[in-house]
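Below are the chains, spelled out letter by letter.
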Amino acid sequence: MIQLSPEQEERARRLHASSFFFDFFPAGEPMLLSPSEEAVMHDALGRGIPSGGAIALIKEQRTRDLAADPAASERMRRMWERTGVNAVTCTLGGLDSRFEPMYLLMRDIARWSRRFQVADYLTHCLTAGDLERTVESGKVGVWFNLQDTNWIDPGLENLDVLYNFGVRMIQLTYNSRSLVGDGCTERVQSGLSHLGVAVVKRMNELGIVVDVSHCGEQTTFDAIEVSERPIAFSHTGCRALYDHPRSKTDDQLRALAERDGYVGIYVVPFFLSDDPNPGLDVMLDHLDHAASIVGIQRVGIGTDWGSWTADLPEPLQAGIHAEFARRGFREEHGMKMGGSLGELDSYLNCVQITRGLVSRGYSDDEIRGILGRNYLDLVRRVTG
């Protein structure tokens, strides 16, 4: 448990309220459900719809509620205010295995387009300036990302389509092998394919952040070498502290630093420690270690908060666990549902991260960088 003096508590609250806070948050919004959303969930599961499909229907219901009921918007606005988070990169596509990847992407883009129309607390961000202005506007910025390239076409036309729809960060692979390269849980670790090299180069031309958080070791090194612009480990940890395939080695961190890249540290318990109930200090240890290698100006927050957490309703957890297994997480990877890092037991409690940074002795300027300014600087380096 993080213990602060009264002066430190005041400083943490002030920094959390006044800083630009950016997070890698796949769901894009808190999953705490309203009664109407719970009813949709139970109806979907009762009809045999898998958990990933049920989540999509819950999100559709939330959009309808936001359009019809001002109280629904006020409920969501209050939740976001409590988090203190100003902008998130949300993952398009979801976990609904019934449909093809490109259809899932278009479905999510359509839903978010409607959401921006009916939810006045949200704004779609396309530039670093858009992200930064969320602090002044009081809105929550949404930054579109993808966590796989399983939708890619040989001519790369889909990259341009997705850029035109507002996608600004793309992870080259998820856990498994694709036409682009190898993911981190593949048995054999090869690097980028010729198509993968072409994808990286086109992303550079468009100004899309190249993300390799789930990529295998050689694919990670290849992307750093091939990319003409800095890349991101947007949500990862340090393998030197805990040997898990989802984390990056010191050699990978050093290579990233040499090309002026960025690393965001996640809060996923079973990626950070073999302790089933670790505290937030475990995540802070990984952040300290990453900063010691890449430099304090290149580290940030990438909680990866989402479908593994206690925020996900219990009826959905078994189905989502099975979906993650289908996507490359095996039993030896320690995947567990319903976890947390001690005092960080809900996304609404993100102030605990700022409290933890204060406890580690970081300066105000360093904390502001970690909470979000460092990611803004990466976007500016990528987009020019």
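This text follows the structure it describes.
Residues numbered from 1 in each chain as written. Predicted model: local features only at pLDDT ≥ 70, side-chain atom pairs only at ≥ 80, totals over all residues. Heavy atoms only, no water.

Trainee: How should unusual backbone geometry be read in this particular structure?
Mentor: Phi is mostly negative for residues that are not glycine, and the peptide bonds are mostly trans. Positive phi outside glycine occurs at L156, with the angle close to 70°. One can find L156 in the loop between β4 (140-146) and α8 (157-164). For L156, a relative accessible area of 12% translates into the label buried. Notably, D260 is not glycine yet its phi reads approximately 60°, a positive angle. With respect to the element layout, D260 can be found in the loop between α11 (250-258) and β8 (262-265). Assessed through its relative accessible area of 28%, D260 is described here as partly exposed. (Helix = DSSP H or I, 4+ residues; strand = E, 2+ residues; numbered from the N terminus. Buried < 20%, exposed > 50% of the residue type's maximum accessible area, 1.4 Å probe, protein only.)

Trainee: What should I look at first to understand the pattern of salt bridges in this one?
Mentor: Opposite charge on two side chains allows them to pair when their charged atoms are near. In total, this model carries 31 salt bridges according to the counting rule given. Put simply, D251 and R254 hold a salt bridge, and the shortest N to O gap is 2.7 Å. Here R254 and D251 lie together in helix α11, a separation of three residues that amounts to about one turn. Close ionic contact of R360 with D288 constitutes a salt bridge, the shortest N to O distance being 2.5 Å. Residue R360 is located in the loop between α15 (351-359) and α16 (364-383), and its partner D288 is located in helix α13 (residues 280-294); the two are separated by 72 residues in the primary sequence. With a relative accessible area of 26%, D288 lands in the partly exposed category. (Salt bridge = Lys/Arg side-chain N within 4 Å of Asp/Glu carboxyl O.)

Trainee: Sorry if this is basic, but what is going on with the packing of aromatic side chains here?
Mentor: Aromatic rings considered in pairs are described by the distance between their centres and by the relative angle of their planes. With the rule as written, the count across this model stands at 18 aromatic pairs. Relative to Y375, the ring of W143 lies with its centre 6.4 Å away and its plane at 90°, an arrangement referred to as edge-to-face. In this pair, W143 is assigned in strand β4 and Y375 in helix α16, connecting sequence segments 232 residues apart. Pair check on accessibility: W143 and Y375 agree, each one buried. Where Y174 meets F329, the ring centres are 6.3 Å apart and the plane angle is 85°; that geometry is what we call edge-to-face. Pair noted here: Y174 is in the loop between β5 (167-171) and α9 (194-206) and F329 is in the loop between α14 (314-326) and α15, with a separation of 155 residues, a long-range link. According to the relative accessible area criterion, F329 is buried, its value standing at 5%. (Phe/Tyr/Trp six-rings, centres within 6.5 Å; stacked < 30°, edge-to-face > 60°.)

Trainee: How should I be thinking about the pairing of strand β7 (residues 232-236) in this particular structure?
Mentor: Successive side chains on a regular strand alternate, one facing one side of the sheet and the next facing the other. With five of five residues buried, β7 lies mostly within the body of the structure. Pairing between β7 and β8: three bridges, direction parallel. Within β8, the position partnered with A232 by the bridge is Y262. In this region the chain leaves β7, passes through α11 and returns to the parallel neighbour β8; the handedness of that crossover is right-handed. (Pairing = 2+ DSSP bridges. Right-handed = clockwise from strand over helix to strand, strands pointing away.)

Trainee: Would you mind going over the packing of helix α1 (residues 6-18) against α15 with me for this structure?
Mentor: Two measures define how a pair of helices packs: the angle their axes make with one another and the distance between the axes. Direction vectors running N to C along α1 and α15 enclose 125°, while the axes themselves pass 9 Å from each other. Classed by the angle they form, the pair α1 and α15 counts as oblique. Here α1 runs over α15; the crossing is right-handed. Along its contact with α1, which presents Q8, E9, R11, A12, R13, L15 and H16, the element α15 presents V351, T354, R355 and V358. Taken together, the residues of the contact of α1 with α15 break down into four nonpolar, three polar and four charged. (Axes fitted to C-alpha atoms, helices over the stretch in contact; angles between N-to-C directions. Parallel < 35°, antiparallel > 145°, perpendicular 65-115°, else oblique. Left-handed = near helix turned anticlockwise from the far one by under 90°. Contact = heavy atoms within 4.5 Å. Nonpolar A, V, L, I, M, F, W, Y, C, P; charged D, E, K, R; others polar.)

Trainee: Honestly, α8 in this entry has me stumped. Any pointers?
Mentor: Count 3.6 residues to each turn of an α-helix, and residues three or four apart come out pointing the same way. Restricting attention to buried positions, one finds in α8 the residues N158, L159 and L162. Down the axis of α8, the smallest arc covering the buried residues is 105°, so these residues share one side. A positive phi of about 105° marks G166, the residue just after α8. (Arc of directions from axis to C-beta.)

Trainee: In this structure, what is going on with the environment of D304? I would like to understand it.
Mentor: Position of D304 among the secondary structure elements: in the loop between β9 (299-301) and α14. Sequence separation between D304 and D275 is 29 residues; the distance between their C-alpha atoms is 19 Å. Among residues more than four places away in sequence, those in contact with D304 are F24, P26, H235, R246, Y266, V268 and F271.

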